[in-house]
Amino acid sequence: MQAHSVIGKSVPRNDGLDKVTGKTVYSADVHLPGMLYGKILRSPCAHARILRIDTSKAQALDGVRAVVTSQDVPIQGGQKRPSNTRHVVFAQDKALYFGQPVAAVAATTPEVAEAAIALIQVEYEALPVVSDVLDAIKPDAPLLHPDLHTEGLAGRDPAPSNIALRVEFNRGDTSAGFEDADVVIEKTFRTQTIHQGYLEPRAAVAEVSSEGKMTVWGSTQGSFVSRQLLSEILELPLGKIRVIPMEVGGGFGGKNSLVAAPICAVLAQKARRPVKLVLSRAEDLTSGRPAPGAVVSLKLGATRKGHLTAVSGSVMYNSGAFPQLLGADGIITGLGHYRIPNMSFAGYSVVTNRPPVGAYRAPGAPQTTFAMESAMDMLAEALSLDPIELRLRNIAKEGDPMPSDLPFPRLGFRETLEAVARHPRYQSKRQGKNVGRGVACGFWMGGVGSSAAHVNLNADGSVALVVGSIDLTGTRTTLSQIAAEALGIPYESVSVVTADTDTAPYSDITAGSRTTHQMGAAVYRACQDAKAQLVQRAAARLRADSSEIEMVDGKLRVKSAPEKQVTLAELARASITSSEGAITGRGAVGVPSRIPTFSVHVVDLEV
């Protein structure tokens, strides 16, 4: 491998000192002049018709500046559908889960807002509750959305249902595959709804300018995606919304979706004053966007030599109150890394009277992976095979079809398994009275999206890197290393700004393990653009052809006459007063192909 001077080295995190000293500013730390405080009234029912909402007493309370319900949120396009934005922000005709927002208040103090919430009177008519996916798919189950019909490749089912989405992957002849099997494992697995457990509860601040422009300070994993959603909810053009991303106190996929910001924005619109809304921990747990629970039915067949002959089954995701696009990625990542000649597997997204769900580190993948990897360990035990050896006999290779029939790109599954198999810990004998050893593999296709970056060269030769991607895991440090390496300057000479939607180049959401891969490529391209400008200016200054210019240790010199050189800082200072103007590099990457990644875990457990 090529030796690097910055990449691969241990460097200080560029946000580390502020975080450990408490200087970092989060959404809840934002304070604006004349700011009001928001509170939310939530449904005490998991499923109930809303017969009446009376907000008159709350509106009359001294200090209350705005009270909002679903009537204050436009119905996008006039459509009443399960996912319409009005219903997602506030319960409209029905409350669909415990804790769903029904109304909200903005007042001069949090205490007044809390008192106003208690004065709002809501009359409910309790309806039958369905919380389990197996109950929700029964023919006589109560419908959450009377106009929800199952969507799938075969089209739209004519009858309404609690099944929002159905995907199916079929290959070969599973009946024949199971007949050829010497061992068959058949099990049903359940996973639970899991909150991401981030330390920072949801929070947002919103303000409307005199020109009608909405500015939102928020904890989000994607400022541009947030702007798009707010545009749909508020029926404002994108140019009338500015999202300022604050530091994120943990996300793990949970902050892909907005929870506090839309309600905060609606309050600010009505009050015509800045509003801050900070959820309590209890509110975050009941109305966040947790990972879905699932029921996975799985049947595996294999020969005595440990070669899979067939896999069949289904996964039913508990999507909560609103339809979610779950299923395809979960099946691909749960099963796709094995070579399966005969397969019949279906995925379902089912609505229930639970909070709407979101992502938690690879949406849909952990549920099917848990089932498949558990079954593979059971199969290894039944065949008296080493669990890693069993997997090595069934791994997918480059060019093999995934469950979607798309060919696998380059992948390192074999190398990952072999590295674990060679590990001294794995080769050691298990010790203890009641000790078991478990093996599990993880596979993720990798996220895709658009990323762009600007590299601004300062007059002293340092660099300001401007990006629109949110830093969840230290990626600003990584991007600084990439820029420093590409430009041949010290790591300390690079600063990174995560800018807002009015000033940063467009970037898709920070999710899917895409940021280093794709924003890193955009940063590299921006550096190459800046270098090309530097080379042209150095060539003119040194009176040499640009092909003769090389960049070494922060200097640009003539290859055939290294003594003829100019420093990057000298060129940067000169660029400010030059006819060409200051040097700014631009780089962008548009939806590149996915890059699969693999992991293998081994656990020795004594009971």
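Since this is a predicted model, take the numbers as computed values, not measurements.

A. Quick peek at the nonpolar core. Ranked by internal contacts, the top residues of the largest apolar core, which has 50 residues, are Leu298, Leu300, Leu308, Leu335, Met372, Leu379 and Phe413. The biggest single contributor to this core is helix α11 (residues 365–383), with seven residues. Setting aside chain neighbours within four positions, we find Leu308 in contact with Leu300, Gly301, Ala302, Tyr338, Arg339, Ile340, Pro341, Met372, Met376, Leu379 and Asn394.

B. Representation of the packing of helix α7 (residues 223–234) against helix α8 (residues 260–271) in the model. Interhelical geometry of α7 versus α8 gives an angle of 50° and a closest axis separation of 10 Å. By the angle class used here, α7 and α8 are oblique. Relative to α8, α7 is oriented so that their crossing is right-handed. Across the interface between the two elements, Leu230, Ile233 and Leu234 of α7 pack against Ala261, Pro262, Ala265, Val266 and Gln269 of α8. For the contact of α7 with α8, a count of residues per class yields seven nonpolar, one polar and no charged.

C. Broad picture of the sheet that holds strand β5 (residues 101–107). Ordered by their spatial adjacency, seven strands build an open sheet running β3-β5-β1-β14-β11-β12-β13, and the pairing between neighbours is mixed. The open sheet is flanked by β3 (64–68) and β13 (241–245), the only strands paired with a single partner. Sheet twist, expressed as the average angle between the axes of neighbouring strands with direction ignored, equals 20°. As defined by bridge partners, strand β1 (residues 36–42) adjoins β5 across six bridges and the pair is classed as antiparallel. Paired with Gly38 across the bridge in β5 is Ala106. Here α7 sits on the sheet in contact with β12 (214–218) and β13, set at roughly 145° to β13. Most of the contacts of α8 go to strand β11 (residues 203–208), to which it runs at about 30°, and overall it touches β1, β3, β5, β11, β12 and β14 (275–278).

D. Focus on helix α16 (residues 515–542). Given a rise of 1.5 Å per residue, 28 residues ought to cover 40 Å, and the 39 Å separating the end C-alpha atoms of α16 matches this to within 8%. Just downstream of α16 lies Arg543, where phi reads positive at about 55°.

E. Structural context of the confidence of the model for the protein. Looking at the protein, the pLDDT average stands at 94 and 98% of residues meet or exceed 70. In the predicted structure, residues 77–84 sits below a pLDDT of 50 and forms 15 contacts with residues beyond four places in sequence or in another chain.

F. Looking closely at the packing of aromatic side chains. A complete count under the given rule lists six aromatic pairs for this structure. Between Phe413 and Phe598, the ring centres sit 5.0 Å apart and the planes meet at 15°, which makes this aromatic pair stacked. Residue Phe413 is found in helix α13 (residues 413–422), and its partner Phe598 is found in strand β26 (residues 597–606); the two are separated by 185 residues along the sequence. Judged by its relative accessible area of 1%, Phe413 is buried. Overall, Phe598 belongs to the buried group, its relative accessible area being 15%. With 5.0 Å between their ring centres and 10° between their planes, Phe443 and Phe598 make a pair best called stacked. In this pair, Phe443 is assigned in strand β18 (residues 435–444) and Phe598 in strand β26, connecting sequence segments 155 residues apart.

G. Structural context of the pattern of salt bridges. Per the counting criterion, the structure on display carries 31 salt bridges. Arg476 is the salt-bridge partner of Asp15, the closest N and O atoms lying 3.2 Å from each other. Placement of Asp15 in the segment before α1 (16–21) and of Arg476 in helix α15 (residues 475–487) is noted, with a sequence separation of 461 residues between them. Exposure remark for Asp15: the relative accessible area of 7% places this residue in the buried category. Note that Arg339 is salt-bridged to Asp400, the shortest N-O span being 2.8 Å. Of this pair, Arg339 sits in the loop between α10 (328–335) and β17 (343–351) while Asp400 is found in the loop between α12 (387–392) and α13, placing the two residues 61 residues apart along the sequence. Accessibility expressed as a relative area gives 14% for Asp400, which makes it buried.

H. Looking closely at the side chain of Thr510. Relative to the assigned elements, Thr510 resides in the loop between β21 (494–498) and α16. Of the residues examined, Thr510 reaches a relative accessible area of 8% and is grouped as buried. Looking at Thr510, its side chain comes within polar contact range of the main-chain oxygen of Ile470, at 2.8 Å. The contact partners of Thr510, leaving out residues within four places of it in the chain, are Gln221, Asn256, Ser469, Ile470, Leu472 and Thr515.

I. Structural view of the sheet that holds strand β22 (residues 549–552). Strand order in the open sheet formed by three strands is β22-β23-β24, with antiparallel pairing between adjacent strands. Looking along the sheet, the strands with just one partner apiece sit at the ends: β22 and β24 (561–567). Taken over all neighbouring pairs, the strand axes of this sheet differ in orientation by 35° on average, direction set aside. Here β22 runs beside strand β23 (residues 555–558); their pairing, made up of four bridges, is antiparallel.

J. A look at the environment of Leu238. Positionally, Leu238 belongs in the loop between α7 and β13. On a C-alpha basis, the gap between Leu238 and Glu418 in space is 50 Å, while along the polypeptide they are 180 residues apart. With residues up to four places along the chain from it excluded, the contact list for Leu238 reads Arg227, Gln228 and Ser231.

K. Highlighting unusual backbone geometry. Residue Arg272 is not a glycine yet carries a positive backbone phi of 60°. Locating Arg272 in the fold gives a position in the loop between α8 and β14. In the Ramachandran plot, Arg361 falls in the positive-phi region, its phi being about 50° despite a non-glycine side chain.

L. Just the environment of Gly432, in detail. Structurally, Gly432 can be placed in the loop between α14 (424–427) and β18. On the basis of relative accessibility, which here comes to 52%, the residue Gly432 falls in the exposed class.

Thresholds, definitions, all that
Residues numbered from 1 in each chain as written. Predicted model: local features only at pLDDT ≥ 70, side-chain atom pairs only at ≥ 80, totals over all residues. Heavy atoms only, no water. Core = buried A, V, L, I, M, F, W, Y, C linked by side-chain atoms within 4.5 Å. Buried < 20%, exposed > 50% of the residue type's maximum accessible area, 1.4 Å probe, protein only. Helix = DSSP H or I, 4+ residues; strand = E, 2+ residues; numbered from the N terminus. Contact = heavy atoms within 4.5 Å. Axes fitted to C-alpha atoms, helices over the stretch in contact; angles between N-to-C directions. Parallel < 35°, antiparallel > 145°, perpendicular 65-115°, else oblique. Left-handed = near helix turned anticlockwise from the far one by under 90°. Nonpolar A, V, L, I, M, F, W, Y, C, P; charged D, E, K, R; others polar. Pairing = 2+ DSSP bridges. Expected span 1.5 Å × (residues − 1). pLDDT = per-residue confidence, 0-100. Phe/Tyr/Trp six-rings, centres within 6.5 Å; stacked < 30°, edge-to-face > 60°. Salt bridge = Lys/Arg side-chain N within 4 Å of Asp/Glu carboxyl O. Polar contact = N/O pair within 3.5 Å; in protein donor to acceptor, adjacent residues only side chain to side chain.

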